[in-house]
Amino acid sequence: SIVKKHSVLLLIAALMIPLALGCKGKEYGHVTGVVTINGEPVEGASVTFAPAEGGRSAFGSTGADGSYELDYTPGDKGAKIGVNNVYITTYTSPTLDDNNQVVEEGTPERIPPKYNESPSETVEVVKGDNVFDFTIESERETYPRASDD
């Protein structure tokens, strides 16, 4: 019957739409790397890649061995293709209770300001696998945050 033929064609068309949209390709590349300070791995650092031309940022944190893998969206590992500004920080603010008393100390900043206050470090993410290691040299144990000055 004609209704059955139209139903089948409609079903085929509905199944083709996601395929057509998916053919555009991924807008991100897989990103991993290692963060070290003076040759030692940095555990617990937050690594952010922010696209220079705008768009979704990607985030990751370093493990005990200093390695990280960026998350672009839930379920998608990587960062947006193109030039990205890199921000790396170990700082976390203290946790306060309802009476403004510190209940959990924060984590001091161990990364020099050039990596977390302004975009001075940039990388270019390409399709496929990308490895960006950050070898940081530092003469200090900790750094004050701009907001702490």
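Residues numbered from 1 in each chain as written. Predicted model: local features only at pLDDT ≥ 70, side-chain atom pairs only at ≥ 80, totals over all residues. Heavy atoms only, no water.

**Notes on the overall build of the protein chain**
Worth spelling out the cut-off: The numbering of helices and of strands both runs from the N terminus, where a helix is a DSSP run of H or I of at least 4 residues and a strand a run of E of at least 2. Exposure classes here rest on a 1.4 Å probe applied to the protein chains alone. A residue is buried below 20% of its type maximum, exposed above 50%, and partly exposed in between. By the convention used here, residues are in contact when the closest approach between their heavy atoms is within 4.5 Å.
Counting its regular elements, the protein chain contains one helix and 14 strands. Scored against the burial criterion, the 149 residues of the protein chain give a buried share of 30%. Partitioning the intrachain contacts of the protein chain with sequence separation of at least 6 by distance along the chain shows that 63% fall at a separation of at least 24.

**Re the pairing of strand β9 (residues 82-89)**
Threshold: Strands were regarded as paired on the criterion that DSSP finds at least two bridges between them.
In terms of burial, β9 is largely enclosed, as six of its eight residues are buried. Bridge count for strand β3 (residues 46-51) against β9 is six bridges, and the pairing is antiparallel. Residue pairing across strands places A50 opposite N85, the latter belonging to β9. When β9 meets strand β12 (residues 121-125), the two strands line up antiparallel, connected through five bridges. When the sheet's bridge partners are listed, V86 is paired in β12 with E121.

**Some remarks on the nonpolar core**
Which entries qualify depends on this criterion: Nonpolar core, defined: a set of buried Ala, Val, Leu, Ile, Met, Phe, Trp, Tyr and Cys residues in which side-chain atoms within 4.5 Å join the residues together.
Residues F49, Y68, I88 and F134 are the most contacted members of the largest nonpolar core, which totals 22 residues. Listing elements by their share of this core, those giving two or more residues are β1 (28-37), β3, β9, β12 and β14 (134-136). In terms of residues, this core owes the most to one element, β1, which gives four residues. Apart from the residues lying within four places of it in its own chain, the contact partners of I88 are V35, A45, S46, I111, Y115, N116, F134 and I136.

**Some points on the side chain of T73**
Stated formally: In protein, a polar contact requires one atom able to donate a hydrogen and another able to accept it; more generally it is a pair of N or O atoms within 3.5 Å, and residues adjacent in sequence count only if both atoms are side-chain atoms.
With respect to the helices and strands, T73 occurs in strand β6 (residues 71-73). Residue T73 is classed as buried on the basis of its relative accessible area of 18%. Within the structure, T73 has its side chain in polar contact with the side chain of D76 (distance 2.6 Å).

**Here's the deal with the pairing of strand β4 (residues 58-61)**
Residues A58 and G60 of β4 are buried on one face, while the alternating residues F59 and S61, pointing to the opposite face, are not. The pairing of β3 with β4 spans four bridges and is classified as antiparallel. Residue pairing for β4: T48 is matched across the bridge by F59. Hairpin connection, β3 to β4: the antiparallel pair is bridged by six residues, and G54 has positive phi, about 95°.

**Here's the deal with the pattern of salt bridges**
Worth spelling out the cut-off: For this analysis, a salt bridge means a side-chain nitrogen from Lys or Arg found within 4 Å of a carboxyl oxygen belonging to Asp or Glu.
Counted according to the given criterion, the structure contains one salt bridge. With a closest N to O distance of 2.6 Å, D71 and K77 form a salt bridge. D71 sits in the partly exposed class, given a relative accessible area of 33%. Since its relative accessible area comes to 37%, K77 is described here as partly exposed.

**Focus on the confidence of the model for the protein chain**
Put simply, the test is: One confidence number per residue, pLDDT, is output by the predictor and ranges from 0 to 100.
Taken over all residues, the pLDDT of the protein chain has a mean of 85, while the share at 70 or more is 81%. Contacts for the low-pLDDT stretch residues 17-23, under 50 throughout, to residues beyond four places or in other chains number zero contacts.

**Side note on the packing of aromatic side chains**
Our working rule: By convention, a stacked pair of Phe, Tyr or Trp rings (six-membered ring in the case of Trp) has centres within 6.5 Å and planes under 30 degrees apart, an edge-to-face pair has planes over 60 apart, and any other such pair is tilted. Note on geometry: a ring has a charge over it if NZ (lysine) or CZ (arginine) is within 6 Å of the ring centre and within 35 degrees of the ring normal.
Applying the stated criterion to the full structure yields four aromatic pairs. Between the aromatic rings of F49 and F132, the centroid separation amounts to 5.8 Å while the plane-to-plane angle is 50°, which identifies the pairing as tilted. Here F49 is found in strand β3, whereas its partner F132 is found in the loop between β13 (129-131) and β14, with 83 residues between them in sequence. Plain terms: the ring middles of F49 and F134 are 6.4 Å apart, the flat faces sit at 80° to each other, and that makes the pair edge-to-face. One end of the pair, F49, is in strand β3; the other, F134, is in strand β14, with 85 residues separating them in the sequence. For F134, a relative accessible area of 3% gives the class buried. Site record: aromatic cluster; members linked through ring pairs are F49, Y68, F132 and F134. Just above the ring of Y72 sits the side chain of R56; from NZ or CZ to the centre is 5.7 Å.

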